Amino acid sequence: MVTTPLLPSDYLDLVSPLRAGADLRGRIEAVHPETADAATIVIRPGRGWRGHTAGQYVRIGVDVDGRRLWRAYSITSPTNRQDGRVTITVKAIPDGKVSNHLVRRAKPGTLVQLDQPTGDFVLPEAKPAKVLYLTAGSGITPVMGMLRDIDFDDVVMIHSAPQPQDVIFRDELHDLVAAKKLRLTEVHTDTDGVLDIARLDELVPDWAERETWACGPAGLLDAAEEFWSERGVRERLHTERFRPGIVAAGDGGEVTFSATGKTVEADGATPLLDIGEEAGVLMPSGCRMGICFGCVTPLKAGAVRDLRTGEITEAEPGVLIQTCVSAAAGPCDIER
Ligand SMILES: Cc1cc2nc3c(=O)[nH]c(=O)nc-3n(C[C@H](O)[C@H](O)[C@H](O)COP(=O)(O)OP(=O)(O)OC[C@H]3O[C@@H](n4cnc5c(N)ncnc54)[C@H](O)[C@@H]3O)c2cc1C
Ligand code: FES
């Protein structure tokens, strides 16, 4: 009664936001530029942080222009870091709300919301004899978490970036090469063109014997999955995608968020999660790429299209949709 309308925990948050029992938060303690458009954010997680396995990602909730937005970022620090801090490394993408905020505007002292780390793009408990990392652009981040965590006897990496100065962690990678802990091929796509996956036979002749972790744009991962499948070694390839592969867009429609009382026009290619957030509707979300089911929402009326497959779902009682990979297919009503 004394603190109404705030809760006692709201006052505790002011003095001790990282305490045990509070919603999991972290404090940004430093921001280190890595390249012209990428930076490493050093975060001290609060008391409830359970730690991560190399290669996993964390969802982070950041306030951008007064709105809390959630995105996933791979953890780039090793699991045994002594000071209890963790790092993520973010590449700013054109028009990207959260990535530009974190790379260019985040300040030490800022509190962010955190989820527990998750993800199955991780190293196995039994060390493989030979490892290949196939990465491009910001796809190097989960692999850097692995490289910093465990030494393997025989590690090869093929990394693509437009130019040498765009290679995130380049100095550290070259230190590993000098220490004979890594064999590295850099592909500079501005001059060399995009990596033709068939060049693996020449670049890493024993690639099929290697346990491989690949992370990068859809084009690289699609090509790798096909290549490994054709050679009958698909089970040796582990991939991580940062965004869903959108193959099917159609006509959009008028979207109603009936619980909030908002109606907006949507095209047939933009996920309803983005449409709702843009309209100021409180939308639950997780990975934003169709894997965690953190965004499922009842479809009250109309139809939506699954952007990954083109499949249309029509409203009927009990039908749930994943808003992060569904777009309007005509007028529809989403129960938010
Ligand atoms: C498991 C996982 C791990 C991830 N780890 C990292 C990481 O370590 N470092 C990192 O920088 N990013 C990582 N991402 C991507 C990150 O979550 C965001 O998608 C990215 O930062 C863009 O968010 P934004 O708010 O800046 O862009 P938004 O404002 O959401 O989008 C702006 C525009 O960019 C497009 N877009 C959205 N995401 C991407 C993308 N990844 N690449 C290209 N275009 C995009 C959108 O379609 C839109 O047109 C990861 C994603 C996942 C699912
Ligand atoms: S947010 Fe993870 S499935 Fe939609």
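Since the structure is predicted, the reported quantities are computational estimates derived from the model, not experimental observations.

Thresholds applied
Residues numbered from 1 in each chain as written. Chains lettered and ligands numbered in written order. Predicted model: local features only at pLDDT ≥ 70, side-chain atom pairs only at ≥ 80, totals over all residues. Heavy atoms only, no water. Pairing = 2+ DSSP bridges. Helix = DSSP H or I, 4+ residues; strand = E, 2+ residues; numbered from the N terminus. Axes fitted to C-alpha atoms, helices over the stretch in contact; angles between N-to-C directions. Domains from an automatic or database assignment. Contact = heavy atoms within 4.5 Å. Buried area = accessible area lost by both parts, 1.4 Å probe. Near = heavy atom within 4 Å. Polar contact = N/O pair within 3.5 Å; in protein donor to acceptor, adjacent residues only side chain to side chain. Areas by Shrake-Rupley, 256 points an atom, 1.4 Å probe, with all protein chains shown as cover.

1. Observations concerning the sheet that holds strand S10 (residues 211-215)
Link 1 in the chain: In space, the five strands of this open sheet follow the order S9-S8-S7-S10-S11, with parallel pairing throughout. Looking at strand neighbours, the two that pair on one side only are strand S9 (183-188) and strand S11 (237-240), the edges of this open sheet. Looking at each pair of strands side by side, their axes are set apart by 10° on average, direction ignored.
Link 2 in the chain: Here six bridges tie strand S8 (residues 155-161) to S9, and the two strands are oriented parallel to one another. Looking at the pairing, His159 lines up with Glu186 of S9.

2. Concerning the domain arrangement of the chain
Link 1 in the chain: By domain assignment, the chain separates into domain 1 (8-114), domain 2 (131-240) and domain 3 (250-334).
Link 2 in the chain: Taking the mean C-alpha position of each, domain 1 and domain 3 sit 28 Å from one another.
Link 3 in the chain: In this complex, domain 1 contributes seven residues to the contact, which on the side of domain 3 involves seven residues.
Link 4 in the chain: Interface area, domain 1 with domain 3, both sides summed: about 580 Å², of which 40% is carbon and sulfur.

3. Examining the site of ligand 1
Link 1 in the chain: Around ligand 1 sit 22 residues in total, of which Arg71, Ala72, Tyr73, Ser99 and Thr141 are the nearest.
Link 2 in the chain: Note that an oxygen atom of ligand 1 is positioned 2.7 Å from one of the side-chain N or O atoms of Arg71.
Link 3 in the chain: At a separation of 2.8 Å, an oxygen atom of ligand 1 approaches a polar side-chain atom of Arg243.
Link 4 in the chain: In isolation ligand 1 exposes 910 Å². Once the protein is present, 79% of that is buried.
Link 5 in the chain: Contributing elements (two or more residues each) for the shell around ligand 1: strand S4 (67-74), strand S5 (86-91) and helix H2 (97-105).
Link 6 in the chain: At four residues, the largest contribution of residues to the shell around ligand 1 is made by S4.

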